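Below are the chains, spelled out letter by letter.
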Amino acid sequence: MTTLLLKNIHTLVTMDAQRREIRDGALFVRDGLIEAVGTLAAMPQTVADDVFSLPNHIVLPGLINTHHHMYQTLTRCLAQDLELFGWLKTLYPIWARMRSEHVHVAAKLAMAELILAGCTTSSDHLYIYPNDVRLEDEITAAHDIGMRFHAARGAMSLGESKGGLPPDSVVEDEKAILRDMQRVVEAYHDSKRCAMLRVVLAPCSPFSVSRDLMREAAALARHYGVHLHTHLAENDSDIAYGLQVFGQRPGEYAQDVGWVGRDVWHAHCVKLDDSEIALFGKTGTGVCHCPSSNMRLASGIAPLRKMLDARVQVGLGVDGSASNDAGHLLNEARQAMLLQRVSGDPAALSARQALEVATLGGAAVLGRDDIGALAVGRAADIVAFRVDTPAFAGALHDPVAALLFCASPSVDLSIINGRVLVRDGALQTLDLPQLVAHHNRLSQQLING
């Protein structure tokens with residue numbers, strides 16, 4: 001058995017049912033599970049294998065990223081001044097040149113970036129499969145680095161010749177897509193509590209797949225008991241496409257193809273109207289809010305406050321690193337908080353509410369009750385940030401709010417499933433400089449053709 005003790009914690013943010021914030025707190029972990037939460041006096045009288053004294057740290061549950069396209073780290077800062085459809089059309093031909101090595105290395109880089117920014121669980125939406133690319137390219141990356149991972153088998157099947165947005169060269173046959181979806185679920189999905197790997201079925205978007213594929217993917221997912229994910233209502237062009245091609249708004253489309261319910265979450269949802277928000281709240285349908293990407297592509301401001309008030313399950317996502325172009329989920333929580341205030345309400349979203357969306361909200365969206373909080377019986381996904389730095393000076397009267405109001409820091413300590421992945425700010429599971437150099441070589445090769 002492996003045990004960890006975190007003690008003398010400056011501020012322990014539990015996100016438990018009582019939302020306790022414990023000064024001079026402590027945590028005890030045994031075999032990847034949290035066994036005790038409170039003060040040092042409440043910890044088991046056991047000599048732990050590894051002990052961390054954290055008087056200058058704020059400790060909280062690992063953040064949960066519910067939408068990403070990790071391969072896009074290879075193509076950052078391109079198409080800098082385009083909206084969604086123009087941006088996609090510019091990048092599709094570059095992405096069509098990717099091979100297995102590109103996707104594998106990009107996933108490792110993206111996961112390293114997320115972990116160093118406080119994220120312990122991530123989903124990734126891989127929807128383009130040129131050349132020899134397979135979902136395994138990301139699954140092995142997650143295993144190698146040690147991240148808790150929801151691998152979304154995405155797909156595009158509707159090329160330009162059939163009225164879709166992507167070029168025909170990057171789409172797949174729908175029967176082949178469904179066969180591979182079944183294959184990866186059967187091979188890799190782990191439904192057990194505290195699973196490190198789950199599989200999601202994720203046709204890309206209404207403008208890149210047929211309604212038949214959406215319906216069949218939903219039936220397949222429900223047969224196997226896995227979740228569903230796609231893009232929805234991202235910008236005005238997205239809405240216009242749905243009205244022209246389907247004669248439906250996003251909510252009508254989602255209902256029509258069977259994509260509402262607690263096993264579904266949609267990315268972006270910038271343009272949902274009040275009736276669609278009510279539908280998602282009533283049915284338990286989840287939403288991933290991606291504020292930086294929505295700003296970068298001029299898509300608009302998602303109605304996050306309205307969604308939360310309607311009891312929609314909402315998590316956060318960094319989105320693809322060619323439309324953000326960063327993978328710092330704590331900073332994404334900061335952006336979410338600030339962006340909801342732009343319309344004139346300075347209390348539209350508090351720092352603690354934003355942190356809840358990034359933790360418990362993400363867990364709910366992914367259908368998990370074993371992560372997102374530091375509570376007995378939950379997975380030991382724990383992150384610690386130093387508060388004795390210039391960025392926090394003057395804010396220690398409320399270090400929890402300071403995480404969002406002050407500059408977004410990197411983690412000093414990260415534990416995933418009871419395993420220490422970051423110690424003293426350094427990633428332990430791979431050679432980061434070597435990875436960055438390898439990634440940059442592949443990026444230059446890909447962009448230059």
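Residues numbered from 1 in each chain as written. Predicted model: local features only at pLDDT ≥ 70, side-chain atom pairs only at ≥ 80, totals over all residues. Heavy atoms only, no water.

Peer 1: Residue-level account of the overall build of the protein, with values.
Peer 2: Per the secondary structure count, the protein includes 14 helices and 17 strands. Reported as C-alpha extents along the three principal axes, the dimensions of the protein are approximately 65 × 45 × 40 Å. In the protein, the share of contacts with a sequence separation of at least 24, taken over all contacts with a separation of at least 6, comes to 75%. Here the protein carries 40 positive and 50 negative side-chain charges, and the mean point of each set is 2 Å from the other. (Helix = DSSP H or I, 4+ residues; strand = E, 2+ residues; numbered from the N terminus. Contact = heavy atoms within 4.5 Å. Lys, Arg positive; Asp, Glu negative; His and termini not counted. Charge placed at Lys NZ, Arg CZ, Asp CG, Glu CD.)

Peer 1: An account of the nonpolar core is needed here, citing residue identities and associated values.
Peer 2: Generally speaking, a soluble globular protein has its nonpolar side chains buried in company with each other. Core analysis: the largest hydrophobic core is formed by 127 residues, its most contacted members being Trp-87, Leu-88, Trp-95, Met-111, Phe-280, Leu-403 and Leu-404. Counting residues in each nonpolar core, the second largest holds 19 residues, with Leu-4, Val-37, Leu-54 and Ala-380 among its members. (Core = buried A, V, L, I, M, F, W, Y, C linked by side-chain atoms within 4.5 Å. Buried < 20%, exposed > 50% of the residue type's maximum accessible area, 1.4 Å probe, protein only.)

Peer 1: Tell me what's going on with the packing of aromatic side chains, and back it up with residues and numbers.
Peer 2: Taken as a whole, this structure holds eight aromatic pairs when the rule is applied. Ring plane angle 80° and centroid distance 6.0 Å describe the contact between Tyr-71 and Tyr-127, whose orientation is recorded as edge-to-face. Taken together, the residues span a long stretch of sequence, with Tyr-71 in the loop between strand 6 (63-65) and helix 1 (84-95) and Tyr-127 in the loop between strand 7 (119-126) and helix 3 (136-145) at a distance of 56 residues. Each member of the pair, Tyr-71 as well as Tyr-127, is classed as buried. Linked through ring pairs, Tyr-71, Trp-87, Tyr-92, Trp-95 and Tyr-127 together constitute an aromatic cluster. Residue placement shows Arg-153 over the ring face of Tyr-129; its charged tip is 4.0 Å from the ring centre. (Phe/Tyr/Trp six-rings, centres within 6.5 Å; stacked < 30°, edge-to-face > 60°. Lys NZ or Arg CZ within 6 Å of the ring centre and 35° of its normal.)

Peer 1: Outline the pattern of salt bridges, supporting the account with residue identities and numerical values.
Peer 2: One side chain can pair with another of opposite charge once the charged atoms of both are near each other. With the rule as written, the count across this model stands at 31 salt bridges. A salt bridge links Asp-412 to Arg-386, with the shortest nitrogen-to-oxygen separation between them at 3.9 Å. Of this pair, Asp-412 sits in the loop between helix 13 (399-405) and strand 15 (413-416) while Arg-386 sits in strand 14 (residues 382-386), placing them 26 residues apart in sequence. A relative accessible area of 31% places Arg-386 in the partly exposed class. Through salt bridges with shared partners, a single network forms among Arg-134, Glu-136, Arg-153, Glu-172, Asp-180 and Arg-183. (Salt bridge = Lys/Arg side-chain N within 4 Å of Asp/Glu carboxyl O.)

Peer 1: Got a sec to walk through the pairing of strand 12 (residues 286-289)? Specific residues and values, please.
Peer 2: Consecutive residues of a regular strand have side chains that alternate between opposite faces of the sheet. Along strand 12, one buried face is formed by Gly-286 and Cys-288 and the opposite face, lined by Val-287 and His-289, is buried too. Across three bridges, the pairing between strand 11 (residues 264-268) and strand 12 is parallel. From the neighbouring strand, His-266 faces strand 12, where its bridge partner is Val-287. Taken together, strand 11, helix 8 (residues 274-283) and strand 12 form a β-α-β motif whose crossover is right-handed. (Pairing = 2+ DSSP bridges. Right-handed = clockwise from strand over helix to strand, strands pointing away.)

Peer 1: Lay out unusual backbone geometry in plain terms, naming residues and giving numbers.
Peer 2: Cis rather than trans, the peptide bond between Asn-324 and Asp-325 has omega equal to 5°. In this fold, Asp-325 is placed in the loop between strand 13 (313-316) and helix 11 (329-339). With a phi close to 55°, Ala-298 is a non-glycine residue in the positive phi region. The residue Asp-319 is not glycine, and still its phi comes out positive at about 65°. Note that Asp-319 resides in the loop between strand 13 and helix 11. Judged by relative accessible area, Asp-319 falls into the buried class, the value being 3%.

Peer 1: Which residues make up the packing of helix 2 (residues 100-116) against helix 14 (residues 432-448), and what are the values?
Peer 2: Close contact between helix 2 and helix 14 brings their axes to 10 Å; oriented N to C, the two are set at 135°. With respect to helix 14, the axis of helix 2 lies oblique. Of the two possible hands of crossing, helix 2 and helix 14 adopt the one that is left-handed. Residues Glu-101, His-102, Val-105, Ala-106, Lys-108, Leu-109, Ala-112 and Leu-116 of helix 2 form the contact with helix 14, whose participating residues are Leu-432, Leu-435, Val-436, His-438, His-439, Leu-442, Gln-445 and Leu-446. Looking at the contact of helix 2 with helix 14 residue by residue, the classes come out as ten nonpolar, four polar and two charged. (Axes fitted to C-alpha atoms, helices over the stretch in contact; angles between N-to-C directions. Parallel < 35°, antiparallel > 145°, perpendicular 65-115°, else oblique. Left-handed = near helix turned anticlockwise from the far one by under 90°. Nonpolar A, V, L, I, M, F, W, Y, C, P; charged D, E, K, R; others polar.)

Peer 1: Account for the pairing of strand 9 (residues 197-203), naming residues and giving values.
Peer 2: By the criterion of burial, strand 9 is predominantly enclosed, with seven of the seven residues buried. With burial as the criterion, each face of strand 9 is covered, one bearing Leu-197, Val-199, Leu-201 and Pro-203 and the other bearing Arg-198, Val-200 and Ala-202. Sheet analysis places strand 8 (residues 148-155) next to strand 9, joined by seven bridges and oriented parallel. By the bridge assignment, Arg-153 is partnered in strand 9 with Leu-201. Taken together, strand 8, helix 4 (residues 174-188) and strand 9 form a β-α-β motif whose crossover is right-handed.

Peer 1: Quick rundown of the side chain of Arg-153? Include the residues and the values.
Peer 2: Among the structural elements, Arg-153 can be located in strand 8. By relative accessible area, Arg-153 is classed as buried at 2%. A distance of 3.0 Å separates the side chain of Arg-153 from the side chain of Asp-180, its partner in a polar contact. Excluding its chain neighbours within four sequence positions, the residues that come into contact with Arg-153 are Leu-126, Tyr-129, Leu-135, Glu-172, Ile-177, Asp-180, Met-181, Val-184, Val-200, Leu-201, Ala-202 and Pro-203. (Polar contact = N/O pair within 3.5 Å; in protein donor to acceptor, adjacent residues only side chain to side chain.)

Peer 1: Go over the packing of helix 4 against helix 5 (residues 211-224), please, and point to the residues and values.
Peer 2: At their nearest, the axes of helix 4 and helix 5 sit 11 Å apart, and the two run at 20° to each other. The pairing of helix 4 with helix 5 is recorded here as roughly parallel in orientation. The crossing of helix 4 and helix 5 is right-handed. Across the interface between the two elements, Glu-174, Ile-177, Leu-178, Met-181, Gln-182, Val-185 and Glu-186 of helix 4 pack against Asp-212, Leu-213, Glu-216, Ala-217, Leu-220 and Tyr-224 of helix 5. Looking at the contact of helix 4 with helix 5, its residues break down into eight nonpolar, one polar and four charged.

Peer 1: Help me get a handle on helix 4, residues and values and all.
Peer 2: Taking 1.5 Å of rise per residue, 15 residues should cover 21 Å, and helix 4 covers 21 Å from first to last C-alpha, within 8% of that figure. Those residues of helix 4 lying buried are Ile-177, Leu-178, Asp-180, Met-181, Val-184 and Val-185. Viewed along the axis of helix 4, the buried residues span an arc of 165°, placing them on a single side of the element. More than 90 degrees from the buried face of helix 4, the exposed residues found are Lys-175, Arg-179 and Glu-186. For helix 4, the secondary structure elements touched by its buried residues are strand 8, strand 9 and helix 5. Of the residues flanking the start of helix 4, the one acting as N-cap is Asp-173, its side-chain oxygen 3.1 Å from the backbone nitrogen of Lys-175. (Expected span 1.5 Å × (residues − 1). Arc of directions from axis to C-beta.)

Note that every value here comes from positions in space, so none of it alone points to a role or purpose.
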